[in-house]
Every structure is written in C-alpha cells, then in structure tokens.
Amino acid sequence: SGYGVYEKPHRLFPRLYRAFFQDEAMQLYDGVHDFIYIDDFLRGIDLLVKADSWPTGEIVNFGSGTQYRNIIVLKLWEQITGRTAPVEYINRFSKPFETDFWQCDTAYAQKAYGFKTEFSLEQGIEDFIKKMERT
C-alpha cells in the first residue's frame, strides 16, 4: 500500500493527517497493510527503468516487506505528532473479503535490482507530515 502527498483524500494517510491536524473525525477499521512510502516506490521504478536487464513483462514487487495493522499506524501517528485525534477505532475489517495478511515479498526486487526501502514507516509518516504542511 503506497502512501504519500497528493494521494486521494479518502485514503488512510490523508484522513489521518486531517484528523490529527484539522480535528476531523474519522473511523479507522482494522486492517493490515504493507506500507511503502512513495519516495521508495518511485526509486524502485527508477531502478527498473535504468536497468539494462529488465525483461519486458517481468513482475517486480516493491514494498517494505513488513505488515502493519491500522491500529499500530494510529499509535505511530500519536507518538510522532505528540497529539491525539478524533479517531474511532473499529476492531473489525470494513469488508468481508479483507484478509489479515498483507505483506509484499521483496526478495526478488532485492536480489535482482538491489532494492530496499530507505524510509521506515515512522520516517515516511514524518516526511509525509512535513510535505503536507507545505502544500
């Protein structure tokens, strides 16, 4: 799950930003994601574009390789901002088909292209907030 500035306003990180900095109430359903900051994702795409050996149609997965529950993401926002927000946590998935396992297998991207994320989730949230403050 990619995140960054200019993503659609209904997505998790823009909604959390509005909750923490504009006091906008929101519901946060349980969920599990492998979050990747947009800067890391774009760097991965750039690696492929510049690679001499990238075969047409080859699938390369870019992610952090770590899954996070939405409640953990909320707690990180609280730690990073030093604030609380009007967030109602709902301890169930919002859709019946959602799964509690969502993790990217990054082994091939690492082996074939040397890809590894540079932003931890905490660093990505901090950078996201800084960039949102400038937009």
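Above this text is the structure in question.
Quick notes on the overall build of the protein chain
Then comes step 1: Summing up its helical and strand segments, the protein chain has 5 helices and 6 strands in all.
Then comes step 2: Helices (α) and strands (β) of the protein chain occur, in sequence order from the N terminus, as β-α-β-β-β-α-β-α-β-α-α.
Then comes step 3: On the principal axes, the C-alpha backbone points of the protein chain span a range of 50 × 40 × 25 Å.
Then comes step 4: Residues counted as buried form 36% of the 135 residues belonging to the protein chain.
Then comes step 5: Working note: accessible area of the protein chain is about 8,200 Å², and carbon and sulfur atoms make up 51% of it.
Then comes step 6: Averaging the locations of the 16 positively and 20 negatively charged side chains of the protein chain gives two centres separated by 2 Å.

With respect to the pattern of salt bridges
Then comes step 1: Counted under the stated rule, the structure contains 9 salt bridges.
Then comes step 2: E7 serves as the salt-bridge partner of R11, at 2.7 Å between the closest nitrogen and oxygen.
Then comes step 3: When the shortest N-O distance is used, the salt bridge between R43 and D40 registers 3.0 Å. Taken together, the residues R43 and D40, both in helix α2 (residues 38-50) and 3 residues apart, mark about one turn of the helix.
Then comes step 4: Overall, the relative accessible area of 23% leaves R43 in the partly exposed class.
Then comes step 5: Judged by relative accessible area, D40 falls into the buried class, the value being 0%.
Then comes step 6: Salt bridges sharing partners connect three or more residues here, namely D39, D127 and K131.

Focus: the packing of helix α1 (residues 12-22) against helix α3 (residues 70-81)
Then comes step 1: Two elements in contact, α1 and α3, have axes whose closest approach is 11 Å; the angle formed by their N-to-C orientations is 40 degrees. Classed by the angle they form, the pair α1 and α3 counts as oblique. The handedness of the crossing between α1 and α3 is right-handed. Every residue of α3 that contacts α1 at L12, F13, L16, Y17, F20 and F21 is listed here: N70, V73, L74, W77, E78 and T81.

Definitions and cut-offs
Along each chain, residue indices are assigned from 1 in the same order as the chain's sequence is written. Side-chain atom pairs in this predicted model are given and counted only at pLDDT of 80 or more, local residue features only at pLDDT of at least 70, and totals for whole chains, interfaces and linings cover all residues. Note that water and hydrogens are dropped before the side-chain values are worked out from all heavy atoms of the structure. Think of it this way: any DSSP run of H or I at least four residues long counts as a helix, any run of E at least two long counts as a strand, and we number them from the N terminus. For the exposure calls, accessible area comes from a 1.4 Å probe over protein chains only, and a residue counts as buried if that area is under 20% of its type's maximum, exposed if over 50%, partly exposed in between. The accessible surface values rely on the Shrake-Rupley method and a 1.4 Å probe; as for residues, cover is taken only from the protein chains in view. Asp and Glu count as negative and Lys and Arg as positive, but His and the ends of the chain are not part of the count. Charged groups are reduced to one reference atom each: NZ for lysine, CZ for arginine, CG for aspartic acid, CD for glutamic acid. Salt bridges are identified by distance alone: a Lys or Arg side-chain nitrogen within 4 Å of an Asp or Glu carboxyl oxygen. Axis lines are fitted to C-alpha atoms, over the contacting stretch for helices. Their N-to-C directions set the angle, which ranges from 0 to 180 degrees. Note on angle classes: values under 35 degrees are labelled roughly parallel, values over 145 roughly antiparallel, values of 65 to 115 roughly perpendicular, and the remainder oblique. The handedness criterion is simple: a crossing whose near helix is rotated anticlockwise from the far helix by less than a right angle is left-handed, and one whose near helix is rotated clockwise is right-handed. Note on contacts: a residue pair qualifies if any of its non-hydrogen atoms lie within 4.5 Å across the two residues.

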